[in-house]
Amino acid sequence: MAENKDHEGVKAAGYNLAPVNARLSAGEKIALYRTMVSIRRFEERSLRAYQAKKIGGFLHLYTGQEAVAVGCCSLMGRDDHVITAYRDHGHAIAVGMDPKALMAELYGKATGCSKGKGGSMHFFDPSRHFWGGHGIVGGQVPLGAGIAYALKYQGVAGACLAFMGDGAVNQGAVHETYNLAALWQLPVVFVIENNGYSMGTSQARSSSGELSKRAEGYGMDWGICQGHDIYEVRATLDRFLTLAREGSKPSIVEIDTYRYRGHSVADPDNTYRSKAEIEEYRRTKDPIQVFAAALAAEGVLDEARAAQIDAEIRAETDRAADFAEASPFPTVADITKDVYWEEDNPDQKKSQGRIFFD
Amino acid sequence: MLISYREAIRQALAEELQRDPNVVVMGEEVAQFHGAYKVTEGLLEKFGPKRIVDTPISEAGFVGLGIGASMLGIRPVIELMFWSFYSVCFDQILNNAANIRYMSGGLIHCPIVIRGPANGGTNVGATHSHTPEGICASHPGVKVVCPATAYDAKGLLKSAIRDNDPVLFMENTILYGDKGEVPDGEYLVPLGLADIKRPGTDLTIVAYGRAVINALAAAQLLEQEHDISAEVVDLRSIRPLDEATVLASVRKTHRVLLVEESKPFCGVGAQLAYMIQDRAFDDLDAPIKRVSSIDAPAIYSPALELEQLPDPQRILRAAVELLR
């Protein structure tokens, strides 16, 4: 069910020749590259801020996985939507959110994308069809199916990309959602970003069988691809997104990737994997290096241009950190805003009585 | 017209389904089976399978799906066959629906209603007899409503469906057959407005849900047998809470008895008692008293379960003691 002849052909010829990639202009390819670098530099800068104690709580970095979010989100059309878990910085940047608002959110500032109320795990931008940013493993997956349900209900030919990590596949809510999506033929693509470890537990120690093949139990289509090659991510996801948009068919796609950092940056990273393993991925599969090499081979990117992009993005990321640093914190009065729609829209309020208590 | 509490809820659903094409009724057995408690009977035939949707037994899945759909403007009215099943979708209701507006800095709202019966007293044991209004209301971000009569059930449910925040609507299987007067035309009961179900002068009984019915029966006995005039305040809505009506009654009667079918510890009554002593300490002529379910899991034994829940006699005894 996973592979079809067309796709085998694409694979043999090279993913860069898949129609969805072949039609990219040089400028569009550079834009993809630029977004991947933006994620890398944003994460590195936020790590420095975390180490300087500017950022509290958890910080789940996306470095190593950039081609996944950028590849998938670059396929989103006008009516497509995306939702993800707590390792959400990459998706937020991939849909075009302003790094200033993201960094300010990490700093807990009023200028953050969630006004300092969400933090690292809870970025949102409905105007870009980005519905979070969710902290509980697998908890966002039913919401993703609900977005797809709404699209189908409203007769909109869009799809929802519902991301989860490899640790989410054993949550009950995920399986309930698989069943509902298949039963009601919802236009959703469940994307398992498999970075090999659910926190510190490897896939071999946590999950039985192939992750996306579980789709067969629900009569859904499924696929699997490498996540370090953005062309492969795009070629693979394009097929499943098309199935969802045009045939309202749900699917599960596993994308194999890797994270350079621990689960969250404060977590120990040497108890369950080796430095050599991390270095091996960095040396052979770093998604930015892989894409840079492909673009160089195509004559789209040279070293000077890559260095220029990098310098521009470093400056942009520094500006984001400066913006965050200079921004004000929310006030105590802000704590009880954005809790109820009705309280935030008093001119349209119908309820009476007391809603906040002492 | 005189209709049952069940019919009142059904009318509210039908009227809102008719009014707004984004309203969807979803849940276990709500369509073909006509509802486990027949609340949704006839709706499938009238509105069709796109609007009245049977689900598999997957509360976390379909409640979460409803929350996601509500973010895009669908207005799902999700039936939990029993509110007791909230425990298997707790994360969806009280993490996702309750928090998503906040965590997005106000960018998102979830106009979802989750409704169903939340009561003991039907001999179904502890797993099916939960009364989670207090637990749910302790989560900012959701609203909690507990109607006692057909009139209130209809008017409150229509308001809940039009509300842009998540509303948890808690009914009572024992009340489904109770009949009450409901106007012929459309009406709404706003959330957060209590109702004085019986005026009185000697003490205030504050209750909600079926406890209101028992409080009214007790008030009648108090009048007949003890010449005590009890005012019965029906909260109707737990969050938002109509503190003003409660306090006005306390200032009139100077004595308060709280009645709830839930367990006493950290319950709605505890919040009310705190609020009353804080705002009306000088108006109180006696300590606030409370009658609630006896503090143990809901017992199965039909004879004993009646004793575990507040009944008119237990309310009456507490009232008499309060006035001694």
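Residues numbered from 1 in each chain as written. Chains lettered and ligands numbered in written order. Predicted model: local features only at pLDDT ≥ 70, side-chain atom pairs only at ≥ 80, totals over all residues.

**Q** Go over the overall build of chain B, please, and point to the residues and values.
**A** In terms of helices and strands, chain B carries 11 helices and 14 strands. The C-alpha extent of chain B, read off along each of the three principal axes, is 60 × 40 × 40 Å. In chain B, which comprises 324 residues, the proportion classed as buried is 60%. In chain B, 78% of the contacts between residues at least 6 apart in sequence involve partners at least 24 apart. (Helix = DSSP H or I, 4+ residues; strand = E, 2+ residues; numbered from the N terminus. Buried ≥ 20, exposed ≤ 12 C-beta atoms within 10 Å, placed from the backbone. Contact = placed C-beta atoms within 7 Å.)

**Q** Now, about the sheet that holds strand E11 (residues 230–234) of chain B: what can you tell me, with residues and values included?
**A** What holds strands together in a sheet is hydrogen bonding between their backbones, with the strands either parallel or antiparallel. Residue and element names in this part refer to chain B. An order of E9-E11-E10-E13-E14 is seen for the five strands of this open sheet, with the pairing classed as mixed. Both outer strands of the open sheet, strand E9 (195–198) and strand E14 (289–291), are each paired with one neighbouring strand and no more. When strand polarity is set aside, the average angle formed by the axes of neighbouring strands in this sheet is 25°. With three bridges joining them, strand E13 (residues 256–259) and E14 adopt parallel strand pairing. Residue pairing across strands places Leu257 opposite Lys289, the latter belonging to E14. Against the sheet, helix H11 (residues 312–323) makes contact with strand E10 (203–207), E11, E13 and E14, and its axis sits at roughly 170° relative to E14, the strand it touches most. (Pairing = 2+ DSSP bridges. Axes fitted to C-alpha atoms, helices over the stretch in contact; angles between N-to-C directions.)

**Q** Mind laying out the interface of chain B and chain A, listing which residues take part and the relevant values?
**A** Taken together, the contact between chain B and chain A spans 45 residues of the former and 43 residues of the latter. Of all the elements in the fold, those that place two or more residues in the side of chain B that touches chain A are helix H3 (59–71), helix H4 (90–103) and strand E12 (237–239) of chain B. A per-element tally of the side of chain B that touches chain A places H3(B) first, with 10 residues. For the side of chain B that touches chain A, the class distribution of residues is 19 nonpolar, 19 polar and seven charged. (Nonpolar A, V, L, I, M, F, W, Y, C, P; charged D, E, K, R; others polar.)

**Q** Tell me what's going on with the domain arrangement of chain B, and back it up with residues and numbers.
**A** Residues and elements named next belong to chain B. Domains assigned within chain B are domain 1 (2–181) and domain 2 (195–323). Computed from C-alpha atoms alone, the centre-to-centre distance between domain 1 and domain 2 is 26 Å. Listed per partner, the contact involves 23 residues of domain 1 and 23 residues of domain 2. The set of elements that each furnish at least two residues to the side of domain 1 that touches domain 2 consists of helix H5 (133–137), strand E6 (143–145) and helix H6 (150–162). Broken down by class, the residue content of the side of domain 1 that touches domain 2 amounts to 11 nonpolar, nine polar and three charged. (Domains from an automatic or database assignment.)

**Q** Residues and numbers for the sheet that holds E12(B), please.
**A** Residues and elements named next belong to chain B. Spatial strand order, E3-E2-E4-E5-E7-E6-E12: seven strands in an open sheet with mixed pairing. The open sheet is flanked by strand E3 (52–54) and E12, the only strands paired with a single partner. Averaged over all neighbouring strand pairs, the angle between strand axes comes to 20°, with direction disregarded. Relative to strand E7 (residues 167–171), strand E5 (residues 113–117) is paired through five bridges, and the arrangement is parallel. Along E7, the bridge assignment pairs Ile114 with Leu168. Relative to the sheet, helix H1 (residues 5–19) contacts strand E2 (23–27), strand E4 (75–79) and E7, its axis offset from that of E2 by approximately 135°.

**Q** Which residues make up the pairing of E5(B), and what values do they have?
**A** Note on strand geometry: in a regular strand, side chains alternate between the two faces of the sheet. All names here are of chain B. Among the five residues in E5, five count as buried, and that is most of the element. Pairing analysis gives three bridges linking E4 to E5, with the strands arranged parallel. From the neighbouring strand, Val77 faces E5, where its bridge partner is Val113. Crossover connection from E4 via H4 to parallel E5: handedness right-handed. (Right-handed = clockwise from strand over helix to strand, strands pointing away.)

**Q** Tell me about the confidence of the model for chain B, and name the residues and values.
**A** Looking at chain B, the pLDDT average stands at 98 and 100% of residues meet or exceed 70. For this predicted complex, the interface score ipTM comes out at 0.97, while the overall pTM is 0.97. (pLDDT = per-residue confidence, 0-100.)

**Q** Could you give me a rundown of the pairing of E13(B), with the residues and numbers involved?
**A** Residue and element names in this part refer to chain B. What you see with E13 is no split at all: Val256 and Leu258 on one side and Leu257 and Val259 on the other are buried throughout. Sheet topology places E10 next to E13; three bridges connect them, and they run parallel. Looking at the pairing, Ile205 lines up with Leu257 of E13. Each parallel crossover has a hand, and the one from E13 via helix H9 (residues 268–280) to E14 is right-handed.

**Q** Run through the packing of helix H7 (residues 141–153) of chain A against helix H8 (residues 172–183) of chain A, naming residues and quoting values.
**A** Working note: a packed helix pair is described by the angle between its axes plus the distance between those axes. Residues and elements named next belong to chain A. The contact between H7 and H8 brings their axes to 8 Å, and the two run at 20°. Classified by the angle between their axes, H7 and H8 sit roughly parallel to one another. The two elements H7 and H8 cross, and the hand of that crossing is left-handed. Where H7 abuts H8, its residues Val141, Pro142, Ala145 and Ala148 lie against Ala173, Val174, Thr177, Leu180 and Ala181. (Parallel < 35°, antiparallel > 145°, perpendicular 65-115°, else oblique. Left-handed = near helix turned anticlockwise from the far one by under 90°.)

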